[in-house]
Structures are given as C-alpha cells and as structure tokens.
Amino acid sequence: MADTVSFASFGGRCEGLLAVPAAGHGPGVVLIQEWWGLVPHIDEVADRLAAAGFVVVAPDFYRGEATTEPDEAAKLMLGLKVRQAAEDIAGAAEYLLTRDEVDGDRVGVVGFCMGGGLALLGPTAYRHIDCASAFYPAMPWPDYSPDWSRYRGKVAMVHLAEHDSPDTAPAVERYAVEITRAGGEAIVESYPGTQHAFFNDHRPEVYDAAASELAWTRTLDMFRARLGGSAA
C-alpha cells in the first residue's frame, strides 16, 4: 500500500503516493495519473511497480481532487497547466533521488492517457529523467510544446491503442521524429484491436489483458535496461 509524501513544486508543495519494493530499494520511477486523478487504479499500479522492484512516486497534479465522472475529469485535465505539470514531474523525480531507497542517479516516468502525454514531457522537464513510457497519450493543452532537444541520449516508448491511432498517431509520429533528430530514441508500439485505456483493469469495457501484459513487460524491460534493477 502506497504512503503519502510531499515535495517542493511550483512555488509550493505537491503531495503524492510513495511505494517502495519489499527489498527496500530499487531504481526510481515517477507514475503519472490518468485524467481521473489519484484514483485506486493508480494506487494499484504504484504497488505493481514496487512489486517489480521500483521505488515509485505518483504526484497529485489535481491537489486532492479526483473523480469518476468523465465530464468532471475533462474539466480537471483541461484546467491543468503544462508548466505546473512539468514542475510536478521534475519535483517528484528530484524527490526520488533524495531518498536512500533509490538506486542510481536517473529515474524513469510512466503515464496513462493524460499521464501518457505528460510522461513524454518528463525527460524534457528534468535532466535526470532518462526514459518515458507513454500509454495511449493525450495531449489536449494548447501550450503543450516540449523542448524535444532535451531528449538527447534518452528514450521514449509509446503504446498506441488502435482505436486512438487516427487521432493520435500523426502527433506521436511527429514527436518521434523530433526525439530522434535530437539524438534520442523513440519506440512506438501499436496494439491491434485495442481501445483507449486498454491497460485499466477497472474498466472492463476497454481492458485488454494480453495487450496490457505486453505493454507492461516492454515498459519494465526498458526501465531495467536504462535504470538498472532486476526482475522481482
């Protein structure tokens, strides 16, 4: 079960969830919520990452607000400022690197939907964020314009749901070109037959167990290759 922690961000404090492996240490990962907020599903994903050997912080971008209603979630997402989100991600990563439980001097970031778009932002927001895994990313903010040049030597992995591809694939392809041009690596994986949010097992109408497991395995393999650690 994740604990609540607090770290400096955006001229104030940001709270988040902290999950630590049973071994008591491991590489650090920032976990980014969907548009619902820090709902139980994200808590469970934090525990899954910890069980896989990672020390995890999930920042609370909405400062205590969460919802199960799509209209309210859309309002919360569209009200989020990209600059604040970038500082929350950087603050969470910096906080991880101050903790004795965290191995190494680099961290990864993973996010879903809204969090997928913000995960791609992560390596541009803080120099010690080395890699990002973005599940079916959404980038709905007018001021979403990461400095892709900061991806030099870093890696982005994107997991595209087939249902999303007509809307999101062109943007992801442009980002992949920019990341590669900057000297980074962009890996784009597609999952045939999948719906948006196929990883979310709290939503049986879209959950795809096989695609979820494959995307999860690819994410953990990337984190272990980039950050260290071993299969738990």
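Residues numbered from 1 in each chain as written. Predicted model: local features only at pLDDT ≥ 70, side-chain atom pairs only at ≥ 80, totals over all residues. Heavy atoms only, no water.

Student: Can you walk me through the pairing of strand 5 (residues 102–112) in this structure?
Tutor: Side-chain direction in a regular strand flips from residue to residue, so the side chains alternate between the two faces of the sheet. Direction of pairing for strand 3 (residues 26–32) relative to strand 5: parallel, over a ladder of six bridges. Bridging from a neighbouring strand, Leu31 pairs with Val110 of strand 5. Relative to strand 6 (residues 129–135), strand 5 runs parallel, the two sharing six bridges. When the sheet's bridge partners are listed, Val110 is paired in strand 6 with Ser133. (Pairing = 2+ DSSP bridges. Helix = DSSP H or I, 4+ residues; strand = E, 2+ residues; numbered from the N terminus.)

Student: Just checking my understanding: could you explain the environment of Gly122 for this structure?
Tutor: Tracing the backbone shows Gly122 in helix 4 (residues 114–125). Residues Gly122 and Ala66, 56 residues apart in the sequence, show an inter-C-alpha distance of 22 Å. Among residues more than four places away in sequence, those in contact with Gly122 are Ile89, Val109 and Ile129. (Contact = heavy atoms within 4.5 Å.)

Student: Help me understand unusual backbone geometry in this model?
Tutor: For residues that are not glycine, phi is negative in most cases, and the peptide bond is trans in most cases. With phi around 55°, Phe10 is a residue other than glycine that occupies positive phi space. Looking at the secondary structure, you find Phe10 in the loop between strand 1 (3–9) and strand 2 (12–19). On the basis of relative accessibility, which here comes to 36%, the residue Phe10 falls in the partly exposed class. Even without being glycine, Arg63 reaches a positive phi, approximately 55°. Relative to the helices and strands, Arg63 resides in the loop between strand 4 (55–59) and helix 2 (70–79). (Buried < 20%, exposed > 50% of the residue type's maximum accessible area, 1.4 Å probe, protein only.)

Student: I would appreciate a short explanation of the nonpolar core in the present structure.
Tutor: In summary, soluble globular proteins display a tendency toward joint burial of nonpolar side chains. The biggest cluster of nonpolar side chains holds 47 residues, and the ones touching the most others in it are Ile32, Phe61, Leu118, Leu120, Trp141 and Tyr144. In terms of residue count, the dominant contributor to this core is helix 3 (residues 82–98) (nine residues). Residues Leu17, Ala50, Ala52 and Val110 belong to the second largest nonpolar core, which totals 39 residues. (Core = buried A, V, L, I, M, F, W, Y, C linked by side-chain atoms within 4.5 Å.)

Student: Can you help me understand a negative patch on the surface in this one?
Tutor: A grouping of Glu65, Glu69, Asp71 and Glu72 is seen on the molecular surface, where their side chains present a negatively charged patch. The residue Asp71 is located in helix 2 in this model. Classification of Asp71 as exposed rests on a relative accessible area of 62%. (Patch = residues over 30% accessible without salt bridge, like charges linked within 9 Å, V, L, I, M, F, W, Y side chains within 5 Å. Areas by Shrake-Rupley, 256 points an atom, 1.4 Å probe, with all protein chains shown as cover. Salt bridge = Lys/Arg side-chain N within 4 Å of Asp/Glu carboxyl O. Lys, Arg positive; Asp, Glu negative; His and termini not counted. Charge placed at Lys NZ, Arg CZ, Asp CG, Glu CD.)

Student: Please clarify how the sheet that holds strand 4 should be interpreted in this entry.
Tutor: Hydrogen bonds along the backbone pair up the strands of a sheet, which may run parallel or antiparallel. Spatially, eight strands are ordered 1-2-4-3-5-6-7-8 in an open sheet, and the strand pairing comes out mixed. Each end of this open sheet is capped by a strand with a single partner; those strands are strand 1 and strand 8 (185–191). If you compare each strand with its neighbour and ignore which way they point, the axes differ by 25° on average. Where strand 2 lies against strand 4, four bridges are found, and the strand directions are antiparallel. Across the sheet, residue Ala19 finds its bridge partner in strand 4, namely Val56. Sheet strands touched by helix 4: strand 3, strand 5, strand 6 and strand 7 (155–161). Its angle to strand 6, the strand with the most contacts, is close to 160°. (Axes fitted to C-alpha atoms, helices over the stretch in contact; angles between N-to-C directions.)

Note that every value here comes from positions in space, so none of it alone points to a role or purpose.
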